[in-house]
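Residues per chain are reported as follows:
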Amino acid sequence: MKIAVIPARGGSKRIPRKNIKPFCGKPMIAWSIEAAKASGLFERILVSTDDAEIAEVAEQWGAEVPFMRPDELSNDYAGTTPVIAHATQWALDQGLDVTAVCCIYATAPFVQKDDLIQGWEALNSGDWDYAFTVTDFAAPIFRSFKQADEGGIEMFFPEHFASRSQDLPIALHDAGQFYWGRPSSWLEGRRIFDRRSKPIMIPRWRVQDIDTQDDWERAEILAPVIMKGRN
């Protein structure tokens, strides 16, 4: 059995109520629920939340909220892995024969059903703990710099000042959409960003993390193009 778990805490501070805030005509979380349903992969779609209103909205859009997340997993410091491990353990305690768990973020309106399917195939392509979407950085990170205390700039990797961009490794980052994992990987807290994780490349223009109001507004600008023709 494959299950999806959508973590959706109620206490977002930078964008209040962002998990159920309207985005392109639907509550934000609805986009993740609908992508999970459209993929046809999951026998159960669960939402892990500590918030009654989020639970109600999630159920209205076709997800299950069979438990409320405990307080110790509902603060600002609770990581994704312990939250998904908690939901995984709940499913196993119900006697469910869980073979894979896919964490889908509630604020991932651009997640595609085909990517979820590709992720499932990637997880099964070898002895992987996880499979998740990634994309490349827009500029070479090895030539990046920061503002120094005195006001000037300071390179993170000064040894690469004279390196040509095409000679540097391609750096990837998390697309912030979903993570397929084996139940044991979640329960044992295995690290996602590691050699036993299979990356699924998606184009940079389909990636938008939504943590700040600026992120939200940029996503609204991108939405008409990315969501055109989406089932």
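Residues numbered from 1 in each chain as written. Predicted model: local features only at pLDDT ≥ 70, side-chain atom pairs only at ≥ 80, totals over all residues. Heavy atoms only, no water.

Student: With reference to specific residues and values, describe a nonpolar patch on the surface.
Tutor: Together, Ile170, Leu172 and Met201 make up a nonpolar patch on the protein surface, roughly 320 Å² of accessible area in all. Within the element layout of this structure, Met201 appears in strand β10 (residues 197–201). Met201 gets classed as partly exposed once you look at its relative accessible area, which sits at 46%. (Patch = residues over 30% accessible without salt bridge, like charges linked within 9 Å, V, L, I, M, F, W, Y side chains within 5 Å. Areas by Shrake-Rupley, 256 points an atom, 1.4 Å probe, with all protein chains shown as cover. Salt bridge = Lys/Arg side-chain N within 4 Å of Asp/Glu carboxyl O. Helix = DSSP H or I, 4+ residues; strand = E, 2+ residues; numbered from the N terminus. Buried < 20%, exposed > 50% of the residue type's maximum accessible area, 1.4 Å probe, protein only.)

Student: Describe empty space enclosed by the protein, with residues and values.
Tutor: All told, the structure shown has one cavity of 30 Å³ or more when counted by the stated rule. In this model, the largest cavity occupies a volume close to 40 Å³. Lining the largest cavity we find Thr107, Ala108, Pro109, Phe110, Ala175, Gly176, Gln177, Val207 and Gln208. Residue composition of the lining of the largest cavity, by class: five nonpolar, four polar and no charged. (1 Å grid on protein atoms, 1.4 Å probe; cavity = no way out; pocket = protein on both sides within 12 Å on 5 of 7 lines; lining within 4 Å. Points joined across faces, edges and corners; volume = space filled by probe spheres on them. Nonpolar A, V, L, I, M, F, W, Y, C, P; charged D, E, K, R; others polar.)

Student: Kindly report on the packing of aromatic side chains, identifying the contributing residues and their values.
Tutor: For the structure on display, the rule yields 10 aromatic pairs. Here Phe23 and Trp216 contribute two aromatic rings whose centre-to-centre distance is 5.5 Å and whose plane-to-plane angle is 85°, an arrangement assigned as edge-to-face. Residue Phe23 is located in strand β2 (residues 22–23), and its partner Trp216 is located in helix α6 (residues 213–226); the two are separated by 193 residues in the primary sequence. Ring geometry for Phe142 against Phe157: centres 5.3 Å apart, planes inclined by 55°, an arrangement best described as tilted. Here the residue Phe142 occupies a position in the loop between β6 (130–136) and β7 (145–147), and Phe157 occupies one in the loop between β8 (153–155) and β9 (172–181), the gap between them amounting to 15 residues. A relative accessible area of 29% means that Phe157 is categorised as partly exposed. Connected via pairs of aromatic rings, a cluster forms that spans Tyr105, Phe132, Tyr179 and Phe193. A cation over an aromatic ring shows up here: Lys2 above the ring of Trp120, its NZ or CZ 4.9 Å from the ring centre. The ring of Trp216 has Lys21 sitting right over it, with the charged end atom 4.6 Å from the ring centre. (Phe/Tyr/Trp six-rings, centres within 6.5 Å; stacked < 30°, edge-to-face > 60°. Lys NZ or Arg CZ within 6 Å of the ring centre and 35° of its normal.)

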